[in-house]
Amino acid sequence: MIEEKHRIPPNQRVTSKFPVLHVGPIPKFDSEKWDFRVKGLVKTPVRLTYEEVLNLPKTVSVSDFHCVTGWSKLDNKWEGVVFQTVFELVKPLKNAKYVMVEAEGDYTTSLPLAELLDNDALLAYRLNGKLLEPRHGGPLRLVVPKKYAYKSAKWVRKLRFTAKQELGYWEKRGYSNTADPWKEQRYA
Ligand SMILES: Nc1nc2c(c(=O)[nH]1)N[C@H]1C(S)=C(S)[C@@H](COP(=O)(O)O)O[C@H]1N2
Ligand SMILES: [Mo]
């Protein structure tokens, strides 16, 4: 176990609570109608039902969560699908370099493909031994531990592979597109 002070990025405070932070309402989830789509610059676009997502190979990953507003929540045990699995499923074309993550409502965020292939990036549906609660992004959220948490989109419905990076919801509103908490990249 790494000593706690080396786990906290500059100017972050550890919280024992898990704050709930998002814009807009918590979406209603109907497992019959819900789907998860992966499209864009890929050889085989897919549309998966909730059950099909749960049947993909599952990974458990414990990581820390750093919100740009200054709180950090340590040791979250996420369970879900590593991004690599989705990557292999859709077979991205050579010119695919970024992924636009589209959530319910109009929340979006984007990441370089190379960073999502880091094996700690997860599409999570369980947290700390329980199904992921709607307020924390259930049924499915992205978890990108190496970035400020606005890159960890809740209620993900679609991944779109692109050649150029498009800006997401907060990135369009002045937040850093690279969002590295260790380098304190908070604002653009
Ligand atoms: N769909 C969606 N995802 C989102 C957000 C949001 O507003 N909408 N906010 C982000 C921000 S800024 C943070 S800090 C985390 C908060 O996650 P939590 O509510 O599970 O703590 O969700 C991120 N993902
Ligand atoms: Mo945040």
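Keep in mind that this is a model prediction, so the values were computed, not measured.

**Q** Help me out: how do you make sense of the overall build of the chain in this one?
**A** What the chain contains, in helices and strands, is 3 helices and 11 strands. Each helix (α) and strand (β) of the chain, taken in turn from the N terminus, gives the series β-β-β-α-β-β-α-β-β-α-β-β-β-β. A compact globule built from 188 residues should have a C-alpha radius of gyration of about 16 Å, and the chain, at 16 Å, falls within 12% of that. In terms of overall dimensions, the chain has C-alpha extents of about 45 × 35 × 35 Å along its principal axes. Classification of the 188 residues of the chain by burial places 48% in the buried group. For the chain, contacts bridging at least 24 residues in sequence account for 68% of all contacts bridging at least 6. In the chain, which carries 32 positive and 22 negative side-chain charges, the distance between the mean positions of the two groups comes to 3 Å.

**Q** What is the right way to read the packing of aromatic side chains from this model?
**A** How two aromatic rings sit relative to each other is set out by the distance from centre to centre and by the angle between their planes. Under the counting rule described, the total for this entry stands at 14 aromatic pairs. Between Phe18 and Phe65 the ring centres are 5.6 Å apart and the planes differ by 75°, which places this aromatic pair in the edge-to-face class. Separated by 47 residues along the polypeptide, Phe18 in the loop between β1 (13–14) and β2 (35–40) and Phe65 in strand β4 (residues 59–66) bring together distant segments of the chain. With respect to burial, Phe18 and Phe65 carry one shared label: buried. Between the aromatic rings of Phe29 and Tyr50, the centroid separation amounts to 5.0 Å while the plane-to-plane angle is 75°, which identifies the pairing as edge-to-face. On the criterion of sequence distance, the pair formed by Phe29 in the loop between β1 and β2 and Tyr50 in helix α1 (residues 50–54) is long-range, its members being 21 residues apart.

**Q** Whenever I open this one, the site of ligand 1 confuses me. Can you help?
**A** Around ligand 1 sit 20 residues in total, of which Pro19, Val23, His136, Arg141 and Lys154 are the nearest. Separating an oxygen atom of ligand 1 from a backbone N or O atom of Val23 is a distance of 2.8 Å. For ligand 1, the protein covers 97% of the area, taking 530 Å² as the surface of the free molecule.

**Q** Honestly, the sheet that holds strand β3 (residues 46–49) in this entry has me stumped. Any pointers?
**A** Hydrogen bonds between backbone atoms are what pair the strands of a sheet, whose relative direction is either parallel or antiparallel. A sheet is described by the order of its strands in space; here 5 strands give the open sequence β3-β2-β11-β6-β7, paired in mixed fashion. Of all strands in the sheet, those with a lone pairing partner are β3 and β7 (108–112), marking the two edges. The sheet shows a mean angle of 15° between the axes of neighbouring strands, taken without regard to direction. Alignment of strand β6 (residues 98–103) against β7, held across 5 bridges, turns out to be antiparallel. When the bridges of β7 are listed, Glu102 appears paired with Thr108. Sheet strands in contact with helix α2 (residues 83–90) are β2, β3, β6 and β11 (156–162), and its direction is about 60° off that of β11.

**Q** Is there a simple way to think about α2 in this case?
**A** For an α-helix, the turn length of 3.6 residues means that residues three or four places apart are oriented alike. When α2 is considered as a whole, its buried residues turn out to be Phe83, Thr85, Val86 and Val90. One face of α2 carries all of its buried residues, which in axial projection span an arc of 155°. Phi turns positive, to about 50°, at Lys91, one or two residues after α2.

Rules used in this analysis
Residues numbered from 1 in each chain as written. Chains lettered and ligands numbered in written order. Predicted model: local features only at pLDDT ≥ 70, side-chain atom pairs only at ≥ 80, totals over all residues. Heavy atoms only, no water. Helix = DSSP H or I, 4+ residues; strand = E, 2+ residues; numbered from the N terminus. Rg over C-alpha atoms; globule rule 2.2 N^0.38 Å. Buried < 20%, exposed > 50% of the residue type's maximum accessible area, 1.4 Å probe, protein only. Contact = heavy atoms within 4.5 Å. Lys, Arg positive; Asp, Glu negative; His and termini not counted. Charge placed at Lys NZ, Arg CZ, Asp CG, Glu CD. Phe/Tyr/Trp six-rings, centres within 6.5 Å; stacked < 30°, edge-to-face > 60°. Near = heavy atom within 4 Å. Polar contact = N/O pair within 3.5 Å; in protein donor to acceptor, adjacent residues only side chain to side chain. Areas by Shrake-Rupley, 256 points an atom, 1.4 Å probe, with all protein chains shown as cover. Pairing = 2+ DSSP bridges. Axes fitted to C-alpha atoms, helices over the stretch in contact; angles between N-to-C directions. Arc of directions from axis to C-beta.

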